Amino acid sequence: MKMVTVHHYDAFSTIPNMGNPAGVVVEGDQYSEIEMQAIAKQVGFNFFSGCLDTR
């Protein structure tokens, strides 16, 4: 699999690493559904999202 940048966000907290961890892939539309599921599994956060280009 190609290199993926996953941004780590902490929901419901202003203190780093104290909220609910969420992984976000900004250019998610360049990955298939299967690849996104593999990325989510490897990251291991409870929440994971991929942003898609809707233009």
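Up top is the structure these notes are about.
Draft legend 1. Here's a closer look at the overall build of the protein. Along the backbone of the protein there are one helix and three strands. Scanning the protein from its N terminus toward the C terminus, one meets helices and strands in the order β-β-α-β. Principal axes of the C-alpha set define a box for the protein whose edges measure 30 × 25 × 15 Å. Looking at the 55 residues of the protein, the share that counts as buried comes to 18%. If you take every contact in the protein between residues at least 6 apart in sequence, the share linking residues at least 24 apart comes to 40%. For the protein, the accessible area works out to roughly 4,500 Å², and carbon and sulfur atoms hold 55% of it.

Draft legend 2. A look at unusual backbone geometry. Positive phi outside glycine occurs at Phe12, with the angle close to 65°. Here Phe12 shows up in the loop between β1 (7-11) and β2 (20-25). Note on Phe12: relative accessible area 78%, which makes it exposed. Phi at Asn17 takes a positive value of approximately 65°, unusual for a residue other than glycine. Relative to the assigned elements, Asn17 resides in the loop between β1 and β2.

Draft legend 3. Main features of the environment of Thr5. Along the polypeptide, Thr5 turns up in the segment before β1. Assessed through its relative accessible area of 54%, Thr5 is described here as exposed. Distance from Thr5 to Pro16, taken between C-alpha atoms, is 19 Å for residues eleven residues apart in sequence. If we skip the residues at most four places from it in the chain, Thr5 touches Val24 and Val25.

Draft legend 4. Structural context of the pairing of β2. Bridging between β1 and β2 involves five bridges; their strand directions are antiparallel. Residue pairing for β2: Asp10 is matched across the bridge by Pro21. Pairing analysis gives four bridges linking β2 to strand β3 (residues 47-50), with the strands arranged parallel. The partner of Gly23 across the bridge, within β3, is Phe48. Once you follow β2 into helix α1 (residues 33-43) and on to β3, the crossover reads as right-handed.

Basis of the calculations
Residues numbered from 1 in each chain as written. Predicted model: local features only at pLDDT ≥ 70, side-chain atom pairs only at ≥ 80, totals over all residues. Heavy atoms only, no water. Helix = DSSP H or I, 4+ residues; strand = E, 2+ residues; numbered from the N terminus. Buried < 20%, exposed > 50% of the residue type's maximum accessible area, 1.4 Å probe, protein only. Contact = heavy atoms within 4.5 Å. Areas by Shrake-Rupley, 256 points an atom, 1.4 Å probe, with all protein chains shown as cover. Pairing = 2+ DSSP bridges. Right-handed = clockwise from strand over helix to strand, strands pointing away.

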